[in-house]
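Results of the structural survey
Listed below, chain by chain, are the residues.
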Amino acid sequence: MKKITIAIDGFSSSGKSTMAKQLARTIGYRYIDSGAMYRAVTLYALENSMVAADGTIDEKSLIAALPDIHIDFAPTENGQRTLLNGRDVEDEIRTLRVSNSVSPVAVIPEVRHAMVAIQQAFGVEKGIVMDGRDIGTTVFPDAELKIYVNASAETRAKRRWIELREKGDNTTTYEDVLDNVRTRDHIDSTRKESPLRRADDAIDLDNDNMSIEQQNAWLLEQFNKAANC
Ligand code: DC
């Protein structure tokens, strides 16, 4: 069976990371969460006073700091952890504070170019599952398997809200999360640079009414077809 590149794109909280991770584990591929990289850059901006109270990003300073921002992933027993300049920031990058500022950071072309270069370097040897917004269109346009995941904003907000509660966040309401999901959907799909767009050769997955097990089985089937041809 040949080693391939797998690109999984879709809106936030569409369940793509969960199934991408599971597939990578099952087939022994490396998994890269490209959204975590934009989140880590956002955390860096927040920690270095580059985000004003009204949410405006000090783009000039952030672009100048890009060479000092090193992002990597460390596999652990509890799954993969995102490292920002060697520090484990996996939990911090999932907070609503970061979620609320990540879209304006991810629209900055220089930030995108820097992240895409790192993502392409991760994929040089294939044998990789990467999820995001522009993986099948910009990062790996030649990927052998491209999946585009669709789910309604309400379903996705509910999933993320349950996730936050499970992590002990009892203050964020479902409406807060739904607002954040809708705002990000809008920014992600209307931005000039690499908007979320289905690649012409992607396979669609509508997972509103599918269980995680059903999605995993469906994805494994797509992988077997793509890797065997
Ligand atoms: O998948 P996520 O919600 O963790 O992504 C966080 C943000 O990063 C999201 O608002 C869109 C952006 N993103 C992007 O622009 N391109 C990617 N390849 C992945 C994520």
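Residues numbered from 1 in each chain as written. Predicted model: local features only at pLDDT ≥ 70, side-chain atom pairs only at ≥ 80, totals over all residues. Heavy atoms only, no water.

Topic: the confidence of the model for the chain
Scored by pLDDT, the chain has a mean of 93; 100% of the residues are at 70 or more. Summarising per-element confidence for the chain, the mean pLDDT is lowest in helix H8 (residues 174-190) (90) and highest in helix H3 (residues 59-65) (98). (pLDDT = per-residue confidence, 0-100. Helix = DSSP H or I, 4+ residues; strand = E, 2+ residues; numbered from the N terminus.)

Concerning the site of the ligand
Around the ligand, a shell composed of 17 residues is seen, among which Arg 39, Arg 112, Arg 133, Asp 134 and Arg 191 lie nearest. In the model, an oxygen atom of the ligand is placed 2.8 Å from a nitrogen or oxygen of the Arg 112 side chain. Contact distances for the ligand include 2.8 Å between an oxygen atom and a side-chain N or O atom of Arg 191. Protein contacts shield 98% of the accessible area of the ligand, which totals 450 Å² for the unbound molecule. When residues of the shell around the ligand are traced back to their parent elements, those giving at least two are helix H2 (34-47), helix H4 (96-106) and H8. (Near = heavy atom within 4 Å. Polar contact = N/O pair within 3.5 Å; in protein donor to acceptor, adjacent residues only side chain to side chain. Areas by Shrake-Rupley, 256 points an atom, 1.4 Å probe, with all protein chains shown as cover.)

Focus on the packing of aromatic side chains
As enumerated under the stated definition, the model contains 3 aromatic pairs in all. Here the aromatic rings of Tyr 29 and Phe 223 are separated by 5.6 Å at their centres, their planes lie at 85°, and the arrangement is edge-to-face. Of the two residues, Tyr 29 is situated in the loop between helix H1 (16-27) and strand S2 (30-33) and Phe 223 in helix H9 (residues 212-227); the sequence distance between them amounts to 194 residues. With a relative accessible area of 12%, Tyr 29 lands in the buried category. Ring plane angle 55° and centroid distance 6.0 Å describe the contact between Phe 73 and Phe 122, whose orientation is recorded as tilted. Taken together, the residues span a long stretch of sequence, with Phe 73 in strand S3 (residues 71-76) and Phe 122 in helix H5 (residues 109-122) at a distance of 49 residues. The exposure classification of Phe 73 matches that of Phe 122, with both residues buried. (Phe/Tyr/Trp six-rings, centres within 6.5 Å; stacked < 30°, edge-to-face > 60°. Buried < 20%, exposed > 50% of the residue type's maximum accessible area, 1.4 Å probe, protein only.)

Some remarks on the packing of H1 against H9
The interhelical angle for the contact between H1 and H9, taken along N-to-C directions, is 55°, at an axis separation of 10 Å. Viewed along their axes, H1 and H9 adopt a mutual orientation that is oblique. Here the hand of the crossing between H1 and H9 comes out right-handed. Along its contact with H1, which presents Thr 18, Met 19, Ala 20, Gln 22, Leu 23, Thr 26 and Ile 27, the element H9 presents Ile 212, Gln 215, Asn 216, Leu 219, Leu 220 and Phe 223. Looking at the contact of H1 with H9, its residues break down into 8 nonpolar, 5 polar and no charged. (Axes fitted to C-alpha atoms, helices over the stretch in contact; angles between N-to-C directions. Parallel < 35°, antiparallel > 145°, perpendicular 65-115°, else oblique. Left-handed = near helix turned anticlockwise from the far one by under 90°. Contact = heavy atoms within 4.5 Å. Nonpolar A, V, L, I, M, F, W, Y, C, P; charged D, E, K, R; others polar.)

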